[in-house]
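Spelled out, the chains give:
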Amino acid sequence: MVAAGSAHIVPDRVAVVGAGMVGLATAWFLQEAGVEVTVLDREGVAAGASWGNAGWLTPGLATPLPEPAVLKYGVRAVLSPSSPVYVPPTASPRLLKFLTRFARNSTAGRWQTAMEALVPINRQALTAFDFLAKAGVEATTYEAKSFLAAYRTEAERSVLLEEIEHIHAAGQGIEFEAISGDDAREIEPSLSDEIGAAIRLHGQRFINPGEYVQLLADSVIARGGQIISGVHVKDIVDEIRGVRLVTGDGETDPFDAVVMATGAWLGDLARQYGVKTVVQAGRGYSFSVPIAHVPAGPVYFPAQRVACTPLGDRLRVAGMMEFRKPDAKLDPRRIDAIVEAARPLLRDADLDARTFEWVGPRPCTPDGLPLIGATASPRVFAAGGHGMWGITLGPITGQLLAETITTGRAPAELAPFNPLR
């Protein structure tokens, strides 16, 4: 198929490797352009970082992960299993390389540059969710009737207030108000008396991420797409007659193009196509608990790096950043650290009645920016490296990447995210 007004050949058949939010959104928007899609995943829909995360749709807070505050933890802190940011003492050379580059990008100047790069795509993030809803994806995004960042003291709160100033300076708007601990408890009785100050954010949303991604997958299938689970893609071979996938069961027929949306495993396939940026798993943990008063929206404890989201009649409690192999076993010490951090800050939450204890590998890059676009092959594309913002930015990533694949022209918003940078 040839695109109107250009010599670009629109691919008829595209394979998407990865059935998380980013991969499925890309598949859906490719279908919107008339492309036949096949999605392959080594486990299944939302099996990686998409299932158990906090589910926040917060483009106002979608900021680069490397930031000056990270450097303040120090070596002793990051080696402690109870630290919000944890590096195992047996770090591999590859991880040390990532951390060195991550540290170099954790300066105020580089954070500001990266923040300015994210602003154009952040502005469109919620619009992409609205597009999916209007087009028939039967998944709900919930307006956050309240969204509170809660602190013990006003001094602790000043860190986020300062960051919001920098966010505004980069050109991104976010509405908020600073309130007292008493005002915060009046809005959310689930907060304990330990809370002495808070920030109320406006215009944010949240989802049940596992449910949303599954319904997005259902829509892809209903529109004629194929989703194949239990397939480990070991290699991508680009040759004259098309792009073949080498799997544990053999080789596929050629596709016209392939999208790599494999999350924390992105580098395994992308390296041979000129993607030199290290994609490191920054693992997050979560669990669900009963609570006497389910909050009307997300509650965030920034000083402890603990995020809480109401899902039905329970509260999902998530947190931590653990730089470790993506498929390492769940470390119960990290769950314990979240419990002990959250216990004094929540009222009437039964943190000992935990269910769905989970760990998922967020795909992090050293500069805090995702990898979206063509690689050294014009038929092999990368879509990943969003860090903590794969849920928020997944649909807009899919929309813009599908536009790139079908028109041969990358939107300006994607320029900072060139996989070959």
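Structure shown above.
Model, not experiment: these values are computed from the prediction.

Cut-offs and rules
Residues numbered from 1 in each chain as written. Predicted model: local features only at pLDDT ≥ 70, side-chain atom pairs only at ≥ 80, totals over all residues. Heavy atoms only, no water. Helix = DSSP H or I, 4+ residues; strand = E, 2+ residues; numbered from the N terminus. Expected span 1.5 Å × (residues − 1). Buried < 20%, exposed > 50% of the residue type's maximum accessible area, 1.4 Å probe, protein only. Arc of directions from axis to C-beta. Contact = heavy atoms within 4.5 Å. Pairing = 2+ DSSP bridges. Axes fitted to C-alpha atoms, helices over the stretch in contact; angles between N-to-C directions.

**Remarks on helix α7 (residues 154–169)**
Stage number 1. The first and last C-alpha atoms of α7 sit 22 Å apart over 16 residues, in line with the 22 Å expected at 1.5 Å per residue.
Stage number 2. Buried within α7 we find Arg157, Leu160, Glu163, Ile164 and Ile167. Buried positions in α7, seen along its axis, are confined to an arc of 115° and lie on one side of it. Away from the buried face of α7 by more than 90 degrees, exposed residues Glu154, Ala155, Val159, Glu165 and Ala169 are located.
Stage number 3. Tucked into the core, α7 has its buried residues touching α5 (108–123), β6 (148–151), β7 (176–180) and β8 (197–201).
Stage number 4. Phi turns positive, to about 100°, at Gly171, one or two residues after α7.

**A short note on the sheet that holds strand β2 (residues 36–41)**
Stage number 1. Spatially, the six strands line up as an open sheet ordered β10-β2-β1-β14-β21-β20, and their pairing is mixed. Here the strands that pair on one side only, and so sit at the sheet edges, are β10 (226–229) and β20 (371–374). Strand-to-strand twist in this sheet, taken as the mean axis angle between neighbours without regard to direction, amounts to 20°.
Stage number 2. In this structure, β20 lies alongside strand β21 (residues 380–384), joined through four bridges in antiparallel fashion. Each bridged residue has a counterpart across the sheet, and for Leu371 the counterpart in β21 is Gly384.

**So, the sheet that holds strand β9 (residues 205–206)**
Stage number 1. Spatial ordering of the open sheet is given by β3-β9-β5, a layout of three strands whose pairing is antiparallel. Strand pairing shows two members of the sheet lacking a second neighbour, β3 (56–57) and β5 (142–143), which therefore form its edges.
Stage number 2. Pairing geometry for β3 and β9, over two bridges, is antiparallel. Paired with Leu57 across the bridge in β9 is Arg205.

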